[in-house]
Every structure is written in structure tokens, then in C-alpha cells.
Amino acid sequence: PPAMGERSAARREDTGRRLARFAALRGAAGGAGGARGSGPCPAGAFREQLAEKLRRGELPSGVRYLVCADPPGPRIGNGGSTLHVLQCLEEQYGDQWTSFTVLLIHSGGYSQRLPNASALGKIFTALPFGDPVYQMLELKLAMYIDFPRHMKPGVLITCSDDIELYSTGATETITFDKPGFTALAHPSDLAVGTTHGVFVLDPSGFSGNGGLEYVPCYRFLHKPDMETMQQSGAVCVRGDHPQLSSSGSHGDSGVASECVYTDSVFYIDHSTAKQLLMFYKQMGTLCCEIDAYGDFLQALGPGATPDYTKNTSNVSKADSGLVGVRQQLYSLLQGTALNVIVLNNSQFYHIGTTQEYLFHFTAESKLRFELDLQPVAFSIFPDTTRTLDQLSIIQSVLEPRCVIGPGSVIEYSRIGPEVSVGKGSIVSGSCINFNVDIPSNCFLSSVSVKINDRVEYVTMVFGVGDDLKKSVKLLSDIHSLQFFGACLPECLELWSIEASEQLFSSEDKRLGLWTARIFPVCSTLSESVRMSLNLLHSVQHVSAFKLSGFQLLSVEEMLTYKHVEDMLKFRKQIYDEICLQRQKGKSDF
């Protein structure tokens, strides 16, 4: 429908205005107190990157930034992290935090579906626009820039791999001032609802018109199936202008279409946050993973029932204590209000997988239009390089005569003159100064590691569609693991590696691509790229390439031994070179 184009254009305009406001604050004092963090990525890496960004004036300086790592011991999920962050705030700031407006960004997880974000954290994922380039952190701050002025003390909770773009009327404001929880909601088609949280709204409370409406919520469904959405009254029928936020079919213009309202960011007022903190202190230690969405929000609203507390079907690890903790949370939160702010013209974008990343950055995506993403962002990109619009070059130095195929993303890399990159590939943090063809649909990401006090380099290489999350328990099942379209045992044979338990780094017998020790450690960055590409080449051409004699690491081990300082130093050299080039004014940008 033509309405979609207008709606997208309105989002683009509002987004541009927010980005301009943020750009004016970059490096200046501004904004209210903020905190962020949580997750297994070592806090040191986050602190180093924040310090560097503040030094360069890429972030507002008048804000408190707090990085908070999960406590040691079992994983506690983003819900447990939320509780832990509240405790960190109280320990760090005492009674001061009662007056804070806090933005809490969950940035944990191993990022197995987008491993170029694994080493330095998803919240530092670079985006193809801005000068210097924006990372996810700045984009989050820019998109929420209007919130603090209309927010009572409390905590706004968000994740680090999604973006919400929205447009509201000139006189409409998003206000977070009610007691209890307040969540933003986005109209989505039903398929999107099955992988998100869905709000069951009071139908008498809203019209579906205008940019924004405050609606009481009857109950919250966590990743419901189609039937549950229909039966619980979550499905709304839309009239002439289907205001849908998915890339799926939008129905014909003028035909009524169904949608549900899905979740993204939510706010907890200070007194509710204090209640949650008291609960956490009474618990002592958490021994199970709690989900901030599923386990907090499902307890809210007049229609909430405790049934969900016993359902552990879509939990990654069902822990013994989970049901008990959920029941305690339910009785603590039951009766607390869940207010919903419906953003009728809004779109939720997720950039958590290699496929989503390539699509949003290089294809004709709505996100690309609305954020005005650039094919070349803050890079040295010679005129002689054949340029196609379907590219994404981010803070990189490309030499003349290199060839980059359509649909590929290059970030934080140096690409030499003899290099060609195929279609739909990702190259991250690499230095490639030798003659090579990188195949299409290839994922290549280099990591600096420190082993026995020496800084060395390892490059992981996969097919962009390879499943790094998949694991098997038995050695006899590893033939089900696919590496660039070949089964793993065939690859091992080509590399003269014996399939054994010792091949995998995991403690808990998880045998998968994530834990397979197949990547050679080298003394230079470009040598590590060369060796890993040889390994890939041997699989593609079914020709032997002996890996014996190398020290080999798994992706899991690369992250254990990673040397953040050296990786940031390499990025800084590229940054300085680009700045220098610009001062000379020689380059055509």
C-alpha cells in the first residue's frame, strides 16, 4: 500500500531529527544519568571502549556510564542481570540512585549468530553511517534522546541487538511517569508475535489511530503460538490502512488485516525497581536464568495467571529452581500495573544474525532507508574500486584495484589491491595484503589473542549460514555439523586432524562449530587470515591442507584469550589514517 511508503518516510524524518539532536550532544555534557551493561563479555572490554569513545567525543560526556558484569557462577539471564544491575547502582551511588533515570542495555550473550560482535560486545556493533561511525550504543542513545525529559526516576530496559524506529505527531510525547511498568508496543503481523512478547490490550481503550496512544494492558503473552494469540484476544483487525510492521505481506490496500502488538523497550518506575532489588537481596544468590520479559511482564496486568511459571518448554536450560523463583516473582509483582504506549507508526528491527545484518546493511531494506545507511561510511575507498550501491564499507581502508562483490559488508579492515571478495560476505577486523579470492557467503573475522604473554592472531572463517549454536553430545554425531556446506568429519580428514573429544574445547561435552579447535594461531594478522582462508579453500576444492604443527583454537577459546587492547589499537590505526587522509583533503568522499 502507498501508505507504507509515507509511514516509512515519516519514520525516516523523525529518526533524522533525533540523530541530529544526538549529534549536537556528542562530546558535550547532556542528558540524565544512565547505566548499562550485563552479560558474560568481560567488563574490561566495555570499559576500555567507553573510555576511548568518550575521549574521542563520540558520546555525551555529562552522563554516568556504568558497566556491570554478571556475578560469577551460573548464568542468570537478562532478568537476573537486571536485578544485579539494580544492586550495582545502589552499591555505587547509595541513595543518589533514587533520583536517577537509568537506561539499562543488556549486552551479554556470546553472539553466536553474529560472531563479529562476540569479541567486543554487541552494543559496539558498528553501523554504516556517521562521521565517525555510529555504533549500536550511540544509536540507542539517539533513538531514546527524547525520553529522559519526560521520565520519572526509574529504569528503561532494552537489548543491544534491536532498533525501534517510530514517528509520532508533532504534539505527542512519550512519557514514562506512571507507577509500575510501562512498555512500548509496535503493531506487527502475527508471525512476528510468535517470537516476541505480545500485549493483550483493552479494546475499548484505543482506536489504532494517531501516532501514539496510552492503553491499559490486560495481560502479557510470551512468545505465544497463533492459537493462544487468537483465543486470548490479542489479535486486532485493522481497517483501511494496515499499519503492519513486518516485512511480510501487508494485505491489499483497503482490505482489513490482522495484527498484534509486540514488545521492545520497557520502563520500571523507581519504587517497583526498589521492590525488585529487595527481592534480589532476600534471594541471596540466583541459581537459574530469569528472562526480564517473560518472567517479569507475564506477572502483570489484571488477566495474569501463574500458569506460565510451570511452563519451561522454551527455556534454554530448565533449572531446578526456575519454577520456584518464577512463583516468587509472580506473587511479588502480581497486581502491579502494566501500562502500554502503542506507537502506531513504528517498526522493530532485529540485527542479531548474519542474515539480518547483511540484509539490513546492503539490501534495499526499510531500515537502510529510514536510518539513511551509507554504502561507504568513514572509510578510504578509492574511485577505481568498482562501486555498487549494495555494499557496506565501515571504517576500513581499501586499496585501489580490490574488488568487493555486491551484498558484502567490510568493517574495521584493510583490504589490499590483489583482493577480491565475493557476494554476500562479511569481513571484520582483518588485514588482507596478499593475492586472494574470498568466496561468496563467507564469514571472516579476526581476533587478537594473548597466550603465554604473547599477542598473536586467529581468524575464524565460516559460511554465513553455518549454525554456530548447534552442538551434539556424541562424537559419532558430528557428521551432522556443517562447515561451509561440507560435513565436519570430511573437513577434518582434509586437514589431517583426528576427530576426538580433545578436538573440542567445551567443558560440558558440547561438540559444535563453536567449540571445534580448527583455527590456526599465527604471529601476524594477515598470516592468520591467509591460513584460515587456506583451510576454507581446501574444503571448497576438496584438496588437503595439513593443520598439524599449528596451535589450534576454537571460537570459544578465542574469546577466552582475546586481547581487547590490541584489537582496539588496530581499529585506532585505521581511524587515525582515515582522519589524516581527510585532513590532506586528497580523497574523494
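Residues numbered from 1 in each chain as written. Predicted model: local features only at pLDDT ≥ 70, side-chain atom pairs only at ≥ 80, totals over all residues. Heavy atoms only, no water.

The protein appears in an unreviewed UniProt entry as FPGT guanylyltransferase from Chaetorhynchus papuensis.

As for empty space enclosed by the protein
Applying the stated criterion to the full structure yields 4 cavities of 30 Å³ or more. Of the voids in this model, the largest cavity is the one considered here, and its volume is about 240 Å³. Around the largest cavity sit 23 residues that line it, and Asn-116, Leu-120, Ser-428, Met-567 and Arg-571 are the ones nearest its centre. Of all the secondary structure elements, the ones that give two or more residues to the lining of the largest cavity are β23 (442-451), β24 (454-463) and α15 (564-584). Considering every element that reaches the lining of the largest cavity, the biggest residue donor is β23, with 4 residues. (1 Å grid on protein atoms, 1.4 Å probe; cavity = no way out; pocket = protein on both sides within 12 Å on 5 of 7 lines; lining within 4 Å. Points joined across faces, edges and corners; volume = space filled by probe spheres on them. Helix = DSSP H or I, 4+ residues; strand = E, 2+ residues; numbered from the N terminus.)

Quick word on helix α3 (residues 77-93)
End to end, α3 covers 24 Å across 17 residues, agreeing with the expected 24 Å (1.5 Å per residue, within 8%). Most of α3 sits inside the fold, with 12 of its 17 residues counted as buried. Considered for burial, the residues of α3 that qualify are Gly-77, Gly-79, Gly-80, Ser-81, Thr-82, Leu-83, His-84, Val-85, Leu-86, Cys-88, Leu-89 and Tyr-93. Where α3 is buried, its residues touch β2 (67-68), β3 (101-106), β4 (154-159), α7 (270-283) and α8 (292-297). Within two residues after α3, Gly-94 carries a phi angle of roughly 60 degrees, on the positive side. (Expected span 1.5 Å × (residues − 1). Buried < 20%, exposed > 50% of the residue type's maximum accessible area, 1.4 Å probe, protein only. Contact = heavy atoms within 4.5 Å.)

Looking at the domain arrangement of the protein
The domain boundaries assigned to the protein delineate domain 1 (2-237 + 257-350) and domain 2 (375-577). Relative placement of domain 1 and domain 2: their C-alpha centres are 33 Å apart. Taken together, the contact between domain 1 and domain 2 spans 27 residues of the former and 25 residues of the latter. Between the two partners, domain 1 and domain 2, sit 0 salt bridges. Residue classes in the side of domain 1 that touches domain 2 are distributed as 13 nonpolar, 6 polar and 8 charged. (Domains from an automatic or database assignment. Salt bridge = Lys/Arg side-chain N within 4 Å of Asp/Glu carboxyl O. Nonpolar A, V, L, I, M, F, W, Y, C, P; charged D, E, K, R; others polar.)

Quick word on unusual backbone geometry
Cis geometry is found at the peptide bond from Asp-131 to Pro-132, where omega equals 0 degrees. Note that Pro-132 resides in the loop between β3 and α4 (136-143). A positive phi angle, near 45 degrees, is found at Tyr-412, a position not held by glycine. Locating Tyr-412 in the fold gives a position in the loop between β17 (408-411) and β18 (414-415).

Comments concerning the pairing of strand β11 (residues 338-343)
Summarising burial for β11: 6 of the 6 residues are buried, a large majority. A two-sided burial pattern is seen for β11, the buried positions comprising Leu-338, Val-340 and Val-342 on one face and Asn-339, Ile-341 and Leu-343 on the other. Note: strand β6 (residues 181-188) against β11, 5 bridges, orientation parallel. Of the residues in β11, the one forming a bridge with Ala-183 is Val-340. With 5 bridges connecting them, strand β8 (residues 212-222) and β11 associate as antiparallel partners. Along β11, the bridge assignment pairs Val-215 with Val-340. (Pairing = 2+ DSSP bridges.)

Looking at the sheet that holds strand β15 (residues 397-398)
Reading across the sheet, the 3 strands line up as β15-β18-β21 and stay open at both edges, with parallel pairing between neighbours. Each end of this open sheet is capped by a strand with a single partner; those strands are β15 and β21 (431-432). In this sheet, β21 lies alongside β18 in parallel orientation, the contact comprising 2 bridges. Bridge pairing in β21 links Ile-415 to Ile-432.

Remarks on the packing of aromatic side chains
Overall, the coordinates contain 17 aromatic pairs when judged by the stated rule. Ring geometry for Tyr-93 against Phe-100: centres 5.1 Å apart, planes inclined by 70 degrees, an arrangement best described as edge-to-face. Across this residue pair, the class does not change: Tyr-93 and Phe-100 are buried. The rings of Tyr-144, Phe-147, Tyr-166, Phe-176 and Tyr-267 are connected pair by pair, giving a single aromatic cluster. Across from the ring centre of Tyr-575, 3.7 Å away, lies the NZ or CZ of Arg-56, which sits over that ring. (Phe/Tyr/Trp six-rings, centres within 6.5 Å; stacked < 30°, edge-to-face > 60°. Lys NZ or Arg CZ within 6 Å of the ring centre and 35° of its normal.)

Here we look at α15
If you check α15, its first and last C-alpha atoms are 30 Å apart, about what 21 residues at 1.5 Å a residue would give, namely 30 Å. Listing the buried residues of α15 in full gives Val-564, Asp-566, Met-567, Leu-568, Phe-570, Arg-571, Ile-574, Tyr-575 and Ile-578. Positive phi shows up at Gly-585, right after α15, with a value of about 70 degrees.

Some thoughts on the pairing of strand β5 (residues 162-166)
Counting buried positions along β5 gives 5 out of 5 residues, so the element sits mostly inside the fold. Residues Asp-162, Glu-164 and Tyr-166 line one face of β5 and the alternating positions Ile-163 and Leu-165 line the opposite face, and both faces are buried. Where β5 meets strand β12 (residues 346-350), 5 bridges bridge the pair, whose relative direction is antiparallel. By the bridge assignment, Leu-165 is partnered in β12 with Gln-347.

Notes on the pattern of salt bridges
Applying the stated criterion across every chain yields a total of 26 salt bridges. When the shortest N-O distance is used, the salt bridge between Lys-53 and Glu-138 registers 2.9 Å. Of this pair, Lys-53 sits in helix α2 (residues 43-55) while Glu-138 sits in helix α4, and the two are 85 residues apart along the sequence. Owing to a relative accessible area of 4%, Lys-53 belongs among the buried residues under this scheme.

A closer look at the confidence of the model for the protein
Summary statistics for the protein give a mean pLDDT of 90 and a share of 91% for residues scoring 70 or more. Confidence drops under pLDDT 50 across residues 240-255; counting only partners more than four residues distant or on other chains, this segment forms 37 contacts. (pLDDT = per-residue confidence, 0-100.)

Thoughts on the packing of α2 against α15
Axis separation between α2 and α15 bottoms out at 10 Å; the angle between their running directions is 30 degrees. Taken together, α2 and α15 sit at an angle that is classed as roughly parallel. The interaxial crossing formed by α2 with α15 has right-handed handedness. Between α2 and α15, the residues in contact are Ala-45, Glu-48, Gln-49, Glu-52 and Arg-55 and Val-564, Glu-565, Leu-568, Arg-571 and Lys-572, respectively. (Axes fitted to C-alpha atoms, helices over the stretch in contact; angles between N-to-C directions. Parallel < 35°, antiparallel > 145°, perpendicular 65-115°, else oblique. Left-handed = near helix turned anticlockwise from the far one by under 90°.)

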